[in-house]
Amino acid sequence: MDRFPYIPLPERPRLVWPGDKRLAVWVLPNIEHYEYQPAFVNRRNPWPRMPAPDVVGYGVRDYGNRVGVWRMLDCFARHGIRATVSLNFGVIEHYPEIWQAIRERGDDILCHGFYNTRYLWELSEEDERAVIRDCVETYARATGGESLPGWFGPAVSGTFNTADIVKELGIHYTADYYHDDQPSLIQTKHGALPCVPYSMEINDALVCRWQGEGEEFARMVRDAFDTLYEEGAQTGRVLAICLHPFLYGQPHRVKYLDEVLGYVMSHEGVWQATGSEIADWAMREWLPAWAMPETAA
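Residues numbered from 1 in each chain as written. Predicted model: local features only at pLDDT ≥ 70, side-chain atom pairs only at ≥ 80, totals over all residues. Heavy atoms only, no water.

Enquirer: So what's going on with the overall build of the chain? Which residues, and what values?
Expert: In terms of regular secondary structure, the chain is built from 10 helices and nine strands. Here the chain has a C-alpha radius of gyration of 19 Å; the compact-globule value for 297 residues is 19 Å, and the two agree. Each principal axis of the C-alpha distribution contributes one length, and for the chain these read about 55 × 45 × 35 Å. Classification of the 297 residues of the chain by burial places 55% in the buried group. Summarising the internal contacts of the chain: among those between residues at least 6 apart in sequence, 76% fall at separations of at least 24. Looking at the chain as shown, the accessible area adds up to about 13,300 Å², and 51% of this sits on carbon and sulfur atoms. Here the chain contributes 28 positive and 42 negative side-chain charges, whose respective centroids are spaced 2 Å apart. (Helix = DSSP H or I, 4+ residues; strand = E, 2+ residues; numbered from the N terminus. Rg over C-alpha atoms; globule rule 2.2 N^0.38 Å. Buried < 20%, exposed > 50% of the residue type's maximum accessible area, 1.4 Å probe, protein only. Contact = heavy atoms within 4.5 Å. Areas by Shrake-Rupley, 256 points an atom, 1.4 Å probe, with all protein chains shown as cover. Lys, Arg positive; Asp, Glu negative; His and termini not counted. Charge placed at Lys NZ, Arg CZ, Asp CG, Glu CD.)

Enquirer: Report on helix 7 (residues 214–231), specifying residues and quantitative values.
Expert: Given 3.6 residues per turn, any residue in an α-helix points the same way as the ones three and four places further on. Given a rise of 1.5 Å per residue, 18 residues ought to cover 26 Å, and the 26 Å separating the end C-alpha atoms of helix 7 matches this to within 8%. Burial in helix 7 covers these residues: Gly214, Phe217, Ala218, Val221, Ala224, Phe225, Leu228 and Tyr229. Seen from one end, helix 7 has its buried residues packed into an arc of 130°, which puts them on one side. Away from the buried face of helix 7 by more than 90 degrees, exposed residues Glu215 and Glu230 are located. Along its buried surface, helix 7 packs onto strand 1 (23–31), strand 8 (237–243), helix 8 (245–248), helix 9 (254–265) and strand 9 (270–272). (Expected span 1.5 Å × (residues − 1). Arc of directions from axis to C-beta.)

Enquirer: How would you sum up the environment of phenylalanine 89? Please name residues and give values.
Expert: By the secondary structure assignment, phenylalanine 89 is in the loop between strand 2 (84–87) and helix 2 (90–94). Given the relative accessible area of 1%, phenylalanine 89 is considered buried. In sequence terms phenylalanine 89 and aspartate 134 are 45 residues apart; their C-alpha atoms lie 9.8 Å from each other. If near-sequence neighbours (up to four positions away) are discounted, phenylalanine 89 is found in contact with Ile109, Cys111, Gly113, Phe114, Cys135, Thr138, Tyr139 and Leu148.

Enquirer: Tell me about the pairing of strand 8, and please be specific about residues and values.
Expert: In summary, the side chains of a regular strand alternate between the two faces of the sheet. With seven of its seven residues buried, strand 8 lies for the most part within the structure. Here strand 8 shows a buried face lined by Arg237, Leu239, Ile241 and Leu243 and a second buried face lined by Val238, Ala240 and Cys242.

Enquirer: Account for the nonpolar core, with residues named and values stated.
Expert: Core analysis: the biggest nonpolar cluster contains 63 residues, and Phe76, Leu87, Phe89, Leu239, Leu243, Tyr248 and Leu257 have the highest contact counts within it. With seven residues, helix 7 is the largest single contributor of residues to this core. Core analysis: the second largest hydrophobic core is formed by 25 residues, Leu28, Val238, Trp271 and Trp286 among them. (Core = buried A, V, L, I, M, F, W, Y, C linked by side-chain atoms within 4.5 Å.)

Enquirer: Go over the packing of aromatic side chains with me, naming the residues and quoting the values.
Expert: Inspection of every chain in the model, using the stated rule, returns 15 aromatic pairs. Between the aromatic rings of tryptophan 17 and tryptophan 271, the centroid separation amounts to 5.4 Å while the plane-to-plane angle is 45°, which identifies the pairing as tilted. A residue pair is termed long-range when its members are at least 10 positions apart, and tryptophan 17 in the segment before strand 1 and tryptophan 271 in strand 9 qualify at 254 residues. Residue class for tryptophan 271 comes out buried when judged on its relative accessible area of 15%. Their ring planes at 70° and their centres at 6.4 Å tell us that phenylalanine 114 and tyrosine 115 sit as a pair that is edge-to-face. For phenylalanine 114, a relative accessible area of 21% gives the class partly exposed. These aromatic residues form a ring-pair network of at least three members: Phe89, Trp99, Phe114, Tyr115 and Tyr139. One residue, arginine 22, lies across the ring of tyrosine 229, its end atom 4.2 Å from the ring centre. Across the ring face of tyrosine 34, the terminal group of arginine 61 is positioned such that the distance to the ring centre comes to 5.1 Å. (Phe/Tyr/Trp six-rings, centres within 6.5 Å; stacked < 30°, edge-to-face > 60°. Lys NZ or Arg CZ within 6 Å of the ring centre and 35° of its normal.)

Okay, structure coming up:
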C-alpha cells in the first residue's frame, strides 16, 4: 500500500483557511505520564541513565505535571490560545485536576497513548488494536460518550498497522507523520485518514537533545512562523508549536514562550486552530476532491 502518495506542493490547488487566513497555528502541549518503574518492553529502556528508579529523569518530567503545566496553561490564557493537548491518557486517572482544567478550558484532545513509557513498536496487530481501543473507550467514559478526535503514538512509537487501526476504530485524524506543511491524506485499509502535520523541528524536546535554551527555541518558532506566514499568502500552511510542560513550564523558559506566542498572535491572517478544526476543514473544503479521490469518501 502506498501509505502517503507524493504530491508536489506546486501541483496542489490553493489551500484557503477560514476567513481567508494564510496560516493555521496549532499549539500542542504534550502532557505526559512516565512510569516510575516501567517494564522493559519493546527494546527501549525509558530510563537509560541507571536502573530504576531514575529519580533525575523521572523527577524532571514529574515537575511538568506538578508545576509546569499550570504555568503553561496560564500563558495560553493570556494569549487566548485554545490548545490541542497531546495527552497520555494515564493523566486522566493519575492527575484528575489536570484533566478537569483542560476540559474546562475547552482544549482539544490528541491521544498520546496511555503512558510515555509504553511503546507500540513490535506489538502484534491484535495487541496494538487492544491498546488503541482501550484509549478510545477510556476517552468515551471520561467525556460521557464523545468520540476520540486524534491520535499521536506514545513516545512517537508506532507500527506498520497503526494508521489502519486508528481509522478502523473511528479516530478522526492522525498526527503520526511529519512530512508536510499542509494537511495530507493517509491511505489505510479502511479509507483515507487525514493527517495534521506535527513537528519534530519546532518542538521543545530539542532542548533536551541538543542542549539548546529558551531564547534559541523562541527564535526558531519566530523564524518558522515568518517563513510560513509569508508563504501562506499564496497557499495556506500549518505551523505546529510542540511543547512539554516539563521544559517550557520551567521558570527560566516560560517568558520566552510568552513572548513568542504574543508575536504569533499579533499578526493578522493567523487562524489559531485545534487539530480537529484543521482536519475537519481540510477534509470538508480541500483534500477529498483532489488528494485521494478513490478513498476519501
